[in-house]
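# Chains, contacts and geometry: an overview
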Amino acid sequence: MSAFGFNDNFLSTKLGITTRAIKEPDEDTSDLCVKAFSDLAAQHEISRRDIQLCCVVTQNPDRNIPHTSAIVHEKLGLSRGCMTFDISQGCAGYTCGITIVGAVMERLKLDRALLFTCDPYSKIVNPDDKKTALIFGDAATVSYLKRDGAGYALVDGKFGTAPATTACLSSNGVLKMDGASVLLNASREVPASIRELLAHNGKTYDDIDLFLLHPGSKRVVDLIRRELALDDTKIPFEIESYGNTISSSIPLMLKRQVVRKEHRRLVLSGFGVGFSWGSCLIELRS
């Protein structure tokens, strides 16, 4: 993984990004997922034979066929009885992922699952397009999900998709982004989604210790923060050193909370081109 840095006041004040993490040319999506698992396994004892579900959230798989989760399954040597599937989602991918995987685990009584996020946009970004090249970074994460035991648990979620917002690739498969449209949709849909989620669960802003919003850019997070009338102690922005990593952005921020367990209730909100969004309430349980 390489890092590319910039020295520009615009980047720090509007984008909030000074360095981006970029995968090596010979690395693919599944390789980054395997590295994420290796990092996790070095910190926690995980029995690979006990994993019953392996899911990869990505819009940029190794190849069209087979699904990347099957490739990860093979590289990790997971069991024959392990379910594998991919979720083709972008910046709302993690909130979609924990909801879908959690529902499958509960319905089928599965006890252990791995949820990977990896969307190396360096595959599809034009390095000369400043609207995208200065924002996106490559990363992978893995969440070890259990149906029992202590930790953060999903309480509820609210999701949506805005019609006629699907234009994001040029004819040659290169990413293009209408920044103004993303800002408009984010500032309108995300706060409404969070308010609906809280109201549905009888909670107020004061009941939530932290809001982890997808850090598309500093500007978009600032817009949502102002709309919600919250300060930066409630809504952190933490991607300065690696960039917008799409579906990996929220779990990268969540890691600190999982390790420290300082906050009881969190709201996670992912959103991005397509234009889709997903806000989830999670709660720390003993």
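Since the model is a prediction, treat every value here as computed from it, not as a measurement.

## What to know about the layout of surface pockets
Approximately 1,600 Å³ is the volume found for the largest pocket. Every element with two or more residues in the lining of the largest pocket is listed here: α2 (29-43), α4 (93-108), β6 (140-146), β7 (151-161), α8 (249-260) and β10 (276-285). Residue classes in the lining of the largest pocket are distributed as 25 nonpolar, eight polar and 11 charged. Here the second largest pocket is characterised by a volume of approximately 530 Å³. Lining the second largest pocket are 25 residues; nearest its centre among them are K131, I135, M177, G179 and S217. Of all the elements, helix α6 (residues 179-200) adds the most residues to the lining of the second largest pocket, at four residues.

## As for the side chain of E27
Tracing the chain through its elements places E27 in the loop between β2 (19-22) and α2. Among the polar contacts made by the side chain of E27, one reaches the side chain of K35 at a distance of 2.4 Å.

## Comments concerning the sheet that holds β6
With respect to topology, four strands assemble into an open sheet ordered β4-β3-β5-β6, the strand pairing being mixed. Of all the strands in the sheet, just β4 (83-87) and β6 have a single pairing partner and so form its edges. Each adjacent strand pair in this sheet contributes to an overall mean axis angle of 15°, direction not counted. Two strands pair when backbone bridges link them, and strand β5 (residues 112-118) and β6 are joined in this way by seven bridges, in the antiparallel orientation. Within β6, the residue paired with T117 across the bridge is T141.

## What about the packing of α6 against helix α7 (residues 218-228)?
Remark: α6 packs on α7, axes separated minimally by 9 Å, with the N-to-C direction vectors making an angle of 45°. Judged on the interaxial angle alone, α7 and α6 are oblique. When you trace α6 past α7, the crossing you get is right-handed. Across the interface between the two elements, L183, A186, S187, V190, P191, I194 and R195 from α6 touch R219, V220, L223, I224, E227 and L228 from α7.

The rules behind these values
- Residues numbered from 1 in each chain as written.
- Predicted model: local features only at pLDDT ≥ 70, side-chain atom pairs only at ≥ 80, totals over all residues.
- Heavy atoms only, no water.
- 1 Å grid on protein atoms, 1.4 Å probe; cavity = no way out; pocket = protein on both sides within 12 Å on 5 of 7 lines; lining within 4 Å.
- Points joined across faces, edges and corners; volume = space filled by probe spheres on them.
- Helix = DSSP H or I, 4+ residues; strand = E, 2+ residues; numbered from the N terminus.
- Nonpolar A, V, L, I, M, F, W, Y, C, P; charged D, E, K, R; others polar.
- Polar contact = N/O pair within 3.5 Å; in protein donor to acceptor, adjacent residues only side chain to side chain.
- Pairing = 2+ DSSP bridges.
- Axes fitted to C-alpha atoms, helices over the stretch in contact; angles between N-to-C directions.
- Parallel < 35°, antiparallel > 145°, perpendicular 65-115°, else oblique.
- Left-handed = near helix turned anticlockwise from the far one by under 90°.
- Contact = heavy atoms within 4.5 Å.

Any functional reading would require information that these geometric values do not contain.
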